[in-house]
Amino acid sequence: SQYSAMDTNPLSVYIMQPIWNKIIKIVPLWIAPNLLTFSGFVMILVNYFLISFYDWDYTASGSSPGLVPNWVWLFSAFTTFCAYALDSIDGKHARRTRSSTPLGELFDHGLDSWATSIFLLSFFSVCSRDNGKTGISVYTMYIYLSIVLFNFMCSHWEKYNTGVLFLPWGYDISQVVLIAAYLLTVAGGVEVWQKPFLFGYYITDALVILLIGFSLFLSFPQTLYNIHRAHLKKTLKNDSLYEGLLPLVSPLSLFILLTVWVVLSPGNILEKQPRLFLWMVGVAFSNIICKVIICQMSSTQPELLHWFLFPLALVVYAATSGLLGWMEEAVLAAFTALLTVAHVHYGVCVGRQLSEHFNIYIFSLKKRVQE
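Here goes a summary of the coordinates provided. (Residues numbered from 1 in each chain as written. Predicted model: local features only at pLDDT ≥ 70, side-chain atom pairs only at ≥ 80, totals over all residues. Heavy atoms only, no water.)

### Overview of unusual backbone geometry
Non-glycine residue K234 carries a positive phi angle of around 60 degrees. Counting through the fold element by element, K234 comes out in the loop between α7 (203-232) and α8 (241-264). In this model, N359 sits at a positive phi of 60 degrees, which is unusual for a non-glycine residue. Along the chain, the position of N359 falls in the segment after α12 (328-357). (Helix = DSSP H or I, 4+ residues; strand = E, 2+ residues; numbered from the N terminus.)

Right, dumping it as structure tokens:
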């Protein structure tokens, strides 16, 4: 299918695009676009693991002065900017080298679906966990993450139905806000986040309000409006309501199962292991969305329920019914590790199949030699 995307965000169109058009000129023509995409993703991962090393349980910034060295926040701002830049120029570079392929599109959006949660999980270390005075609770983190992933899902569900990816306004804004937040932390220390800045409100409160406002009052209505417009123009990809709503079944089931676990966990699993649990949420979501992206690109129908919802349902039942007892954390760790390995394996397999199918290498512009 021909890739089609619309970007109407003034921040992107008037400020960021001219910057990317300058940066792209530095990139050598022999570099494969997927290499740019992947490098950006690796930088986000390295940054995430670095922050996790200093702040496993999200409490480091809550103690004053913060326990995370200042250079880490500077590194965070740098990697976030690089990942944002690489993610914004990979498509331009593909067109420039005449190497746009469905593999590149899938690679880009597939990694984005995972990076979305990692960006947020790194950022939570800045605001730190609720320690009675400041910070945000782990439940707020979970809701926050769910809303961001819901937004990401909406834009791809919309493309599944309309054939056009309307780039969400929130994306550019969130990247710029993230970079600014890290730089603010470098300049003012983590204390900045622990002092009220306006009418007794904290900066984190303002960000939460912004995020929820953007999602519920801008992104989601925009998605519904774009689908409605396609319906009026008779350009919808799917005839029946059932087919149109099908891609939402798995992500919503995932959210319900995870929320049941969070709320009914006898050992308060989210309080005990927020980093593990939220990482697992991000990976599970990314895997489901990758399937939707593939269905939308190949004009096939997604399955009603994603396979790992079944093992997840078993784990959630075992945990919430008290069957796991003190082993709940160990089972979460094992399940998270298995899921992560399965997701990476899935990505590698799909990449290899597509590279054979299109007769291209993933990380090189050379054509594969036909057997």
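And the narrative resumes.
### Overview of the packing of helix α3 (residues 70-96) against helix α4 (residues 102-127)
At a minimum axis distance of 12 Å, the contact between α3 and α4 shows a crossing angle of 160 degrees. By the angle between their axes, α3 is roughly antiparallel relative to α4. Note on packing geometry: the crossing formed by α3 with α4 is left-handed. Listed contacts from α4 to W73, T80, A83, D87 and D90 of α3 are D108, D112, F119, S125 and V126. Among the residues making up the contact of α3 with α4, the classes are represented as four nonpolar, two polar and four charged. (Axes fitted to C-alpha atoms, helices over the stretch in contact; angles between N-to-C directions. Parallel < 35°, antiparallel > 145°, perpendicular 65-115°, else oblique. Left-handed = near helix turned anticlockwise from the far one by under 90°. Contact = heavy atoms within 4.5 Å. Nonpolar A, V, L, I, M, F, W, Y, C, P; charged D, E, K, R; others polar.)

### Quick notes on the side chain of D90
One can find D90 in helix α3. Buried within the structure, D90 lacks any salt-bridge partner; its nearest side chain of opposite charge belongs to R95, at an N-O separation of 7.3 Å. Excluding residues that lie within four positions of it along the chain, D90 makes contacts with P33, L36, T37 and D108. (Buried < 20%, exposed > 50% of the residue type's maximum accessible area, 1.4 Å probe, protein only. Lys, Arg positive; Asp, Glu negative; His and termini not counted. Salt bridge = Lys/Arg side-chain N within 4 Å of Asp/Glu carboxyl O.)

### Comments concerning empty space enclosed by the protein
Applying the stated criterion across every chain yields a total of two cavities of 30 Å³ or more. Space inside the largest cavity adds up to approximately 100 Å³. Looking at the largest cavity, it is lined by 14 residues, and the ones nearest its centre are F41, I44, A83, D87 and D112. At the level of elements, α2 (33-54), α3, α4 and α6 (169-188) are the ones that each hand at least two residues to the lining of the largest cavity. In the lining of the largest cavity, the residues fall into nine nonpolar, three polar and two charged. Here the second largest cavity defines a volume of roughly 40 Å³. Along the walls of the second largest cavity sit I44, N47, T79, T80, I118, F119, S122 and Y182, which together make up its complete lining. If you list the elements that add at least two residues to the lining of the second largest cavity, you get α2, α3 and α4. Counting residues per element, the lining of the second largest cavity draws most heavily on α4, which supplies three residues. Within the lining of the second largest cavity, the residues separate by chemical class into four nonpolar, four polar and no charged. (1 Å grid on protein atoms, 1.4 Å probe; cavity = no way out; pocket = protein on both sides within 12 Å on 5 of 7 lines; lining within 4 Å. Points joined across faces, edges and corners; volume = space filled by probe spheres on them.)

### Considering α12
Counted at 1.5 Å a residue, the expected span for α12 with its 30 residues is 44 Å, and the 43 Å between its end C-alpha atoms agrees. At the C-terminal side of α12, N359 shows a positive phi close to 60 degrees. (Expected span 1.5 Å × (residues − 1).)

### Re the packing of aromatic side chains
In this structure the tally under the stated criterion is 23 aromatic pairs. Relative to W279, the ring of Y48 lies with its centre 5.2 Å away and its plane at 20 degrees, an arrangement referred to as stacked. Linking Y48 in helix α2 with W279 in helix α10 (residues 274-298), this pair joins segments that are 231 residues apart in sequence. Members of the aromatic cluster, connected to one another through ring pairs, are F41, Y48, F49, W114 and W279. The residue whose ring lies beneath R275 is Y58, and the NZ or CZ to ring-centre distance is 4.1 Å. For K291, the ring lying beneath its charged end belongs to Y346, and the centroid distance is 5.0 Å. (Phe/Tyr/Trp six-rings, centres within 6.5 Å; stacked < 30°, edge-to-face > 60°. Lys NZ or Arg CZ within 6 Å of the ring centre and 35° of its normal.)

### Observations concerning the pattern of salt bridges
Tallied over the full model, the rule gives two salt bridges. Residue E105 is joined to K159 by a salt bridge in which the shortest nitrogen-to-oxygen separation is 2.8 Å. You can see E105 sitting in helix α4 and its partner K159 sitting in helix α5 (residues 138-162), a full 54 residues away along the chain. K159 matches E105 in its accessibility class, with the two residues each being buried.

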